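Descriptive structure summary
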Amino acid sequence: MLYPINLNIENMKITIIGGGKVAYRKATNFLDFGKKVTVVSKEFVDEFKMIENEIEIIYDEYDKKYIKDSFVVVAATNNKDINHKIGVYCNQNGKLVNVVDDKKLSNFTVPSYVKRGELLISISTGGNSPSLSAKIKRELEETYDESYGEYIELLGLARKKIIEENKDIKERRKKIKALIDLSVEELKEKI
Ligand SMILES: C[C@@]1(CC(=O)O)C2=NC(=C\c3[nH]c(c(CCC(=O)O)c3CC(=O)O)Cc3[nH]c(c(CC(=O)O)c3CCC(=O)O)/C=C3\N/C(=C\2)[C@@H](CCC(=O)O)[C@]3(C)CC(=O)O)/[C@H]1CCC(=O)O
Ligand SMILES: NC(=O)c1ccc[n+]([C@@H]2O[C@H](COP(=O)([O-])OP(=O)(O)OC[C@H]3O[C@@H](n4cnc5c(N)ncnc54)[C@H](O)[C@@H]3O)[C@@H](O)[C@H]2O)c1
């Protein structure tokens, strides 16, 4: 079973090999988290036009030289042998790699996720059913709607204020725990 981890990718070079639908989805995942990626492929599906200004595009077939300096790699071609080769190379060279057609060779997979400001809920089925992950995501999107972005921010600010103003740890914890029972309006008054 895979271990959940939230990764700081800010200073990591990320390269995606392949220019199909799956590569596009993986590229937008990284962009969602403010990270520019390099994508290497001879051909690209039209969707890439929407993000061409936000990524670096290399028109070529896979070559080791394109991932030598990358720390995170996604092998997303429709060529099983190439994907496998990329997976093996990355595993042997201490890189994080997601091979889109080989869960075993991947040392990370990409979960489905709901993002509301800093609230991040991720969903994985261990590769058993990505469609179920997508379904659960849609359900969670309704429960945790857009308003949660502001709510989480307010909770963070109120928590910070309580920490600054209360030296007694017990008292502090009690007050912080009570925050989640407050409405947005009530939280605003606390800040
Ligand atoms: C969650 C999501 C994130 C994302 O990719 O962004 C994601 N797949 C999504 C969708 C999706 N993928 C597939 C379908 C077609 C229907 C179906 O097969 O169910 C649909 C449905 C659709 O398109 O709606 C086909 C598929 N997927 C994988 C294989 C290969 C294999 O199983 O070996 C094949 C078969 C290829 C073939 O046909 O041979 C493998 C993986 N896909 C994963 C993630 C990882 C496990 C996550 C988990 O445990 O749930 C893992 C292991 C590796 C990885 O890619 O990281 C994203 C939902 C986006 C959202 O959030 O809306
Ligand atoms: N993980 C997932 O979520 C998921 C979902 C569906 C399918 N898949 C798997 O992912 C594979 C890719 O799916 P897709 O729909 O994006 O395929 P696709 O056919 O739309 O795209 C494949 C891309 O790979 C590129 N490519 C082929 N050989 C290459 C090489 N040597 N170097 C660089 N680029 C190369 C092609 O130019 C094309 O852009 C499928 O074969 C399938 O096994 C995975």
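Calculation notes
- Residues numbered from 1 in each chain as written.
- Chains lettered and ligands numbered in written order.
- Predicted model: local features only at pLDDT ≥ 70, side-chain atom pairs only at ≥ 80, totals over all residues.
- Heavy atoms only, no water.
- Near = heavy atom within 4 Å.
- Polar contact = N/O pair within 3.5 Å; in protein donor to acceptor, adjacent residues only side chain to side chain.
- Areas by Shrake-Rupley, 256 points an atom, 1.4 Å probe, with all protein chains shown as cover.
- Salt bridge = Lys/Arg side-chain N within 4 Å of Asp/Glu carboxyl O.
- Helix = DSSP H or I, 4+ residues; strand = E, 2+ residues; numbered from the N terminus.
- Buried < 20%, exposed > 50% of the residue type's maximum accessible area, 1.4 Å probe, protein only.
- Patch = residues over 30% accessible without salt bridge, like charges linked within 9 Å, V, L, I, M, F, W, Y side chains within 5 Å.
- Axes fitted to C-alpha atoms, helices over the stretch in contact; angles between N-to-C directions.
- Parallel < 35°, antiparallel > 145°, perpendicular 65-115°, else oblique.
- Left-handed = near helix turned anticlockwise from the far one by under 90°.
- Contact = heavy atoms within 4.5 Å.
- Nonpolar A, V, L, I, M, F, W, Y, C, P; charged D, E, K, R; others polar.

A closer look at the site of ligand 1
For ligand 1, the set of nearby residues contains 19 residues, the closest of which are K26, V110, S112, G127 and S133. Here K26 contributes a side-chain N or O atom positioned 2.6 Å from an oxygen atom of ligand 1. Note that an oxygen atom of ligand 1 is positioned 3.0 Å from one of the backbone N or O atoms of G126. Considering ligand 1 on its own, with 1,100 Å² of exposed area, one finds that the protein chains cover 62% of that surface.

Brief notes about the pattern of salt bridges
Counted under the stated rule, the structure contains eight salt bridges. Between K188 and E150 there is a salt bridge, with the nearest N and O atoms lying 3.3 Å from each other. One end of the pair, K188, is in helix 6 (residues 184–190); the other, E150, is in helix 4 (residues 148–165), with 38 residues separating them in the sequence. Assessed through its relative accessible area of 40%, K188 is described here as partly exposed. E150 sits in the partly exposed class, given a relative accessible area of 38%.

So, a nonpolar patch on the surface
A contiguous nonpolar patch, built from Y3, I5 and L7 and spanning about 390 Å² of accessible area, is present on the exposed surface. Among the residues examined, I5 registers a relative accessible area of 60% and is labelled exposed.

Let's talk about the packing of helix 4 against helix 5 (residues 169–178)
At a closest axis distance of 10 Å, the pairing of helix 4 and helix 5 adopts a crossing angle of 165°. Classified by the angle between their axes, helix 4 and helix 5 sit roughly antiparallel to one another. Along this stretch, helix 4 crosses helix 5, giving a crossing that reads as right-handed. Across the interface between the two elements, R159, I162 and I163 of helix 4 pack against R172, K175 and I176 of helix 5. Taken together, the residues that form the contact of helix 4 with helix 5 break down as three nonpolar, no polar and three charged.

Read these as geometric descriptors, not functional statements.
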